[in-house]
Amino acid sequence: MGIKVAMLIIFFAVMAGVGVYARRHTSSVDGFVLGGRSAGPWLTAFAYGTSYFSAVVFVGYAGQFGWKYGIASTWIGIGNAVIGSLLAWVVLGRRTKIMTQHLQSRTMPDFFGERYGSKALKVAASMIVFIFLIPYTASVYNGLSRLFEMAFNIPYTWCVIAMALFTAVYVILGGYMATAINDFIQGIIMLIGIVAVIAAVLSGQGGFMNAISEMAQIPSDVPLTAGQPGAFTSFFGPDPLNLLGVVILTSLGTWGLPQMIGKFYAIKDEKSINTGTVISTVFAIVVSGGCYFLGGFGRLFDSPAIYDASGAVVFDSIVPHMLSGLPDILIGIVVVLVLSASMSTLSSLVLTSSSTMTLDLLKDNVIKNMSEKKQIITMQILVVFFLVVSVVIALDPPTFIAQLMGISWGALAGAFLAPFMYGLYWKGVTRAGVWAGFISGVGITVANMFIGFIESPINAGAVAMAAGLVVVPVVSFITPNPDKEKIDEIFA
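Note that the coordinates shown come from a computational prediction; the quantities given were computed from them, not determined experimentally.

Criteria and thresholds
Residues numbered from 1 in each chain as written. Predicted model: local features only at pLDDT ≥ 70, side-chain atom pairs only at ≥ 80, totals over all residues. Heavy atoms only, no water. Helix = DSSP H or I, 4+ residues; strand = E, 2+ residues; numbered from the N terminus. Rg over C-alpha atoms; globule rule 2.2 N^0.38 Å. Contact = heavy atoms within 4.5 Å. Areas by Shrake-Rupley, 256 points an atom, 1.4 Å probe, with all protein chains shown as cover. Lys, Arg positive; Asp, Glu negative; His and termini not counted. Charge placed at Lys NZ, Arg CZ, Asp CG, Glu CD. Polar contact = N/O pair within 3.5 Å; in protein donor to acceptor, adjacent residues only side chain to side chain. Salt bridge = Lys/Arg side-chain N within 4 Å of Asp/Glu carboxyl O. Expected span 1.5 Å × (residues − 1). Buried < 20%, exposed > 50% of the residue type's maximum accessible area, 1.4 Å probe, protein only. Axes fitted to C-alpha atoms, helices over the stretch in contact; angles between N-to-C directions. Parallel < 35°, antiparallel > 145°, perpendicular 65-115°, else oblique. Left-handed = near helix turned anticlockwise from the far one by under 90°. Nonpolar A, V, L, I, M, F, W, Y, C, P; charged D, E, K, R; others polar. Phe/Tyr/Trp six-rings, centres within 6.5 Å; stacked < 30°, edge-to-face > 60°.

Asks: I'd love a proper account of the overall build of the protein chain, names of residues and values included.
Replies: Scanning the protein chain for helices and strands turns up 20 helices and 0 strands. A compact globule built from 492 residues would reach a C-alpha radius of gyration of about 23 Å, and the protein chain, at 22 Å, matches this within 12%. Structurally, the protein chain occupies a C-alpha span of about 65 × 50 × 45 Å along its principal axes. In the protein chain, of all internal contacts separated by at least 6 residues, the share reaching a separation of at least 24 is 83%. Per element, the accessible surface of the protein chain, about 18,400 Å² overall, is 68% carbon and sulfur. Averaging the coordinates of the 25 positive side-chain charges in the protein chain and doing the same for the 23 negative ones gives two points 11 Å apart.

Asks: So what about the environment of Leu103? Which residues, and what values?
Replies: Mapped onto the fold, Leu103 is located in helix H5 (residues 74-103). Spatially, the C-alpha atom of Leu103 lies 24 Å from that of Gly253, the residues being 150 residues apart in sequence.

Asks: An account of the side chain of Thr358 is requested, with residue identities and associated values reported.
Replies: With respect to the helices and strands, the residue Thr358 is situated in helix H15 (residues 328-362). Here the side chain of Thr358 touches Ser354 through a polar contact of 2.8 Å, landing on its backbone oxygen. When near neighbours in sequence (up to four residues on either side) are disregarded, Thr358 contacts Lys363, Met370, Gln375, Thr378, Met379 and Leu382.

Asks: Kindly report on the pattern of salt bridges, identifying the contributing residues and their values.
Replies: Per the stated rule, a full pass over the model turns up 8 salt bridges. Here Asp30 ties to Arg106 by a salt bridge, and the two come within 3.0 Å at their closest N and O atoms. Here Asp30, found in helix H2 (residues 29-34), pairs with Arg106, found in the loop between H5 and helix H6 (108-115); they are 76 residues apart in sequence, far enough to count as distant. What you see here is one network of salt bridges that share partners, running through Asp30, Arg37 and Arg106.

Asks: Explain helix H3 (residues 41-52) to me, using residue names and the numbers behind them.
Replies: A rise of 1.5 Å per residue sets the reference length of H3, with its 12 residues, at 16 Å; its end C-alpha atoms lie 16 Å apart and thus fit the reference within 8%. H3 sits mainly inside the fold: 10 of its 12 residues count as buried. Within the sequence span of H3, burial applies to Pro41, Thr44, Ala45, Phe46, Ala47, Tyr48, Gly49, Thr50, Ser51 and Tyr52.

Asks: Break down the environment of Ile490 for me, with residues and values.
Replies: Within the fold, Ile490 resides in helix H20 (residues 484-490). Classification of Ile490 by relative accessible area gives buried; the value is 11%. C-alpha separation for the pair Ile490 and Met99, spaced 391 residues apart in sequence, amounts to 7.6 Å. Filtering out sequence-adjacent residues up to four positions away, Ile490 remains in contact with Met99, His102, Leu103, Glu114 and Arg115.

Asks: Any details on unusual backbone geometry? Residues and values, ideally.
Replies: Although it is not a glycine, Gln104 adopts a positive phi angle of roughly 55 degrees. Inspection of the secondary structure assignment puts Gln104 in the loop between H5 and H6. Phi is positive for Asp364, close to 70 degrees, though the residue is something other than glycine. Judged by its relative accessible area of 36%, Asp364 is partly exposed.

Asks: Describe the packing of helix H7 (residues 119-139) against H15, and please don't skip the residues or the numbers.
Replies: Contact geometry of H7 with H15 gives a least axis separation of 10 Å together with a crossing angle of 155 degrees. In terms of axis orientation, H7 runs roughly antiparallel to H15. Considering how the two elements wind past one another, H7 and H15 form a crossing that is left-handed. When H7 is examined against H15, the residues Lys122, Val123, Ser126, Met127, Val129, Phe130, Leu133, Tyr136 and Thr137 are found in contact with a partner set consisting of Thr345, Leu346, Leu349, Val350, Thr352, Ser353, Thr356, Met357, Leu359, Asp360 and Leu361. Here the residues of the contact of H7 with H15 sort into 12 nonpolar, 6 polar and 2 charged.

Asks: Outline the packing of aromatic side chains, supporting the account with residue identities and numerical values.
Replies: Each pair of aromatic rings is reported with the distance of its centres and the angle of its planes. Summed over all chains, the structure comprises 30 aromatic pairs. With a centroid separation of 6.5 Å and an interplanar angle of 85 degrees, the aromatic rings of Phe112 and Phe420 are classed as edge-to-face. Linking Phe112 in helix H6 with Phe420 in helix H17 (residues 399-425), this pair joins segments that are 308 residues apart in sequence. The same class applies to Phe112 and to Phe420, which are both buried. A ring pair is formed by Trp435 and Phe438, whose centres lie 6.2 Å apart and whose planes are at 75 degrees; its orientation type is edge-to-face. Taken together, the positions of Trp435 and Phe438, both in helix H18 (residues 431-451) and 3 residues apart, correspond to about one turn of that helix. Taken together, the ring pairs in this structure connect Phe111, Phe112, Tyr116, Phe416, Phe420, Trp435 and Phe438 into an aromatic cluster.

What follows is the structure, encoded as structure tokens:
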């Protein structure tokens, strides 16, 4: 217990120290929100990766999809690396950096307002961010509860409050630069932790080959391949179609998430984007590939501990149960790993929410003539507000919140991916096309939540993104072209 507590104290002390160190970057709005657009490739790549992979991935998704698809769940990690990191940086990185700097936009709603010359679009986008990022923020705590109870016997309540407090300290003190530096430190912990945990878990199962051999004996319970042994070690797993849906949502989804795209706004220069692309992709292969690969062996740890009273599998219990037999030093590393993953995502989400709320909704709409200092203070107050709301929801989550978390990625990416990506490359996108993209993305995911015409919310999110990619150009073709002179200036 002493080892584990010491590791936590050091971890929290470093996070707070970085916040104090980064204070000099928060004298301006650009400094607080984007670190003065001066973050180098290593900081940006790690900030991107750690915002991407939270405790939701390590504990929830790895357990759930590893149980469903076996070793084939590793494809999700590969998809995250190739589509969610490599292609996202190649397709969006340079253009986002140049165009957002040219338009002087600091957030994604701000980009929509400036790119399409519409204040209404900016306000609508900021409302979508506000509504769908809060449940996502609250869900970040979920992966911690069982892990902390397993490692420390500390009540979940105290874990949540401590995590929110330390996140508030460094985000308020140091803004974007504090989160970027802490993300770098947390990213290194995640890389080392994942490798150590995989090695330890497989070693406990008699090594990699023995673990694969045992997995091959387990008969499938998936309707498609029911009763077939070896399905959980096959190339595409027992249910390839649903696996593809998960790959698309968790990989392509990052292209439309404001807290991910914001990292490209803040990077220093074009050269840094090339370096950052490589670093971010390698990070995703190790962290995401490692998480899903580890989760793929979940069925070897089948025991009463992972079932509830009704006999249903509790997916969030699988990974903590897999790790419960590890030595104390490794459990300490795992706890710090999951804390790192969660706090990096949490800080990115609250910074995105508070800056969007201040710059896109309150400034000029509710509060006129906001000075630079007043904008920074408002954002700092809103960081506290969003953290308090997320804690309240996380401590007593209503059932629909868990459901809403599942669709928040779908709604945000479904609404924003197509209008943002087309807006970077194509001069012909119209305001009506963007509105159609917003409506189809949010409409499909929310309608599915109430009507349930697509069984899996993950597949519904994938459909919402695909729909936006079709709807935006179709509506843009049949509505009047935007002003050529203004568009040429935007693309200058």
